[in-house]
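Each chain is listed here by its residues.
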Amino acid sequence: MKKVVTIQDISCFGKCSLTVALPIISSTGIETAVIPTAVLSTHTGGFSGFTYRDLTEDIPKIAQHWKSIDLKFDTIYTGYLGSFEQIDIVSKFFDDFRSENTKIFVDPAMADNGKLYTGFGYPFVEKMRELCSKADYITPNVTEAAFMLGEEYYEICPNEEYVKDMVKKLCEFGCKNVILTGVSYKGTDLGVMTYNSEKDEYFFYSRERIGGNYHGTGDVFASVYVAAMTKGKSIEKSTKIAVDFVIDCIEKTLPDVKEHWYSVKFEECIPELIKKFNN
Ligand code: PXL
């Protein structure tokens, strides 16, 4: 059985980060360990008055205990991190738990739709870029990529050349594979451009865009991707499975989107996901 550890916050209500990663990755038959970095009453994307308990000081203690019992992981997956200090601690966690076959997956969750999430500033972007440099895979959206490259954000990307240049430049910071999400050339399409720096290979997959913004879909995408990649699926296959799953989740949510504005109904799509994994 493959083993993943995912390090990100737990937003008690709102379906993102750990409450998405844990069910999705586990459902594919992968053992999933977690390190919660903070406990929030809800996520920060649209709720007001949420609580936030920082768990930074617990992370090194958990890591130390795990070292003493010699835990090893096939994949280390990090998502939303709340502070500079957490990035440093996670970076050390990579050094301590990385073995020859461990894959490091960093989702630099910090921005969307041209804007940084509540509570983040430019220095955090630079720090996140450093963490990305240690990864085998990163999954920025176009906003996060533009911030990390210090470039202007385009909701509609000027052309393919521009997007290919973006993923290549992100790899130049040191990560091996870039999976860039939220790529649109016409406004009616939405896709993912990937770049494998070792093979100098690009891959693009897109679907018709469904109007609106759906919170938590970045975490849903990254979780499915982590599961697929951990199971040894190719970049092409992992990308297709993850994009198609996000679309399925949005379609399930659409009839009830007013009530269910805070995330997508991924639960009802899991049986289909399991079938795809087994094909
Ligand atoms: O989906 C990313 C995410 C994770 N965790 C928290 C968030 C967000 C996005 O807003 O607020 C707490």
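Scroll up to find the structure.
Right, let's walk through the structure included here. Predicted, not measured: the structure shown is a model, and the values here were computed from it. (Residues numbered from 1 in each chain as written. Predicted model: local features only at pLDDT ≥ 70, side-chain atom pairs only at ≥ 80, totals over all residues. Heavy atoms only, no water.)

Comments concerning the pairing of strand β1 (residues 3-13)
Consecutive side chains of a regular strand alternate in pointing toward one face of the sheet and then the other. Bridge count between β1 and strand β2 (residues 31-42): 9 bridges; the pairing is parallel. Within β2, the position partnered with lysine 3 by the bridge is glutamate 31. Handedness of the crossover joining β1 and β2 through helix α1 (residues 18-27) is recorded here as right-handed. The pairing of β1 with strand β4 (residues 75-78) spans 4 bridges and is parallel. In the strand pairing of β4, isoleucine 7 is matched with threonine 78. (Pairing = 2+ DSSP bridges. Helix = DSSP H or I, 4+ residues; strand = E, 2+ residues; numbered from the N terminus. Right-handed = clockwise from strand over helix to strand, strands pointing away.)

With respect to the site of the ligand
Looking at the ligand, the residues that line it are Asp9, Ser11, Cys16, Ser17, Leu40, His43, Thr44, Gly45, Tyr80, Tyr117, His215 and Asp219. The separation between an oxygen atom of the ligand and a polar side-chain atom of histidine 215 is 3.2 Å. The site holding the ligand turns out to be the largest pocket. (Near = heavy atom within 4 Å. Polar contact = N/O pair within 3.5 Å; in protein donor to acceptor, adjacent residues only side chain to side chain. 1 Å grid on protein atoms, 1.4 Å probe; cavity = no way out; pocket = protein on both sides within 12 Å on 5 of 7 lines; lining within 4 Å. Sits in = over half its atoms within 2 Å of the grid points.)

Here's the deal with helix α7 (residues 217-230)
The first and last C-alpha atoms of α7 sit 20 Å apart over 14 residues, in line with the 20 Å expected at 1.5 Å per residue. Of all 14 residues that make up α7, 13 are buried, and the element is covered over most of its length. A positive phi of about 90 degrees marks glycine 232, the residue just after α7. (Expected span 1.5 Å × (residues − 1). Buried < 20%, exposed > 50% of the residue type's maximum accessible area, 1.4 Å probe, protein only.)

Focus on the environment of serine 11
Structurally, serine 11 can be placed in strand β1. Between the C-alpha atom of serine 11 and that of tyrosine 137, which follows or precedes it by 126 residues, the distance is 24 Å. Beyond its immediate sequence surroundings of up to four residues, serine 11 is in contact with Cys16, Ser17, Thr19, Leu40, Thr42 and His43. One polar contact links serine 11 to aspartate 9, side chain to side chain, over a distance of 2.7 Å. (Contact = heavy atoms within 4.5 Å.)

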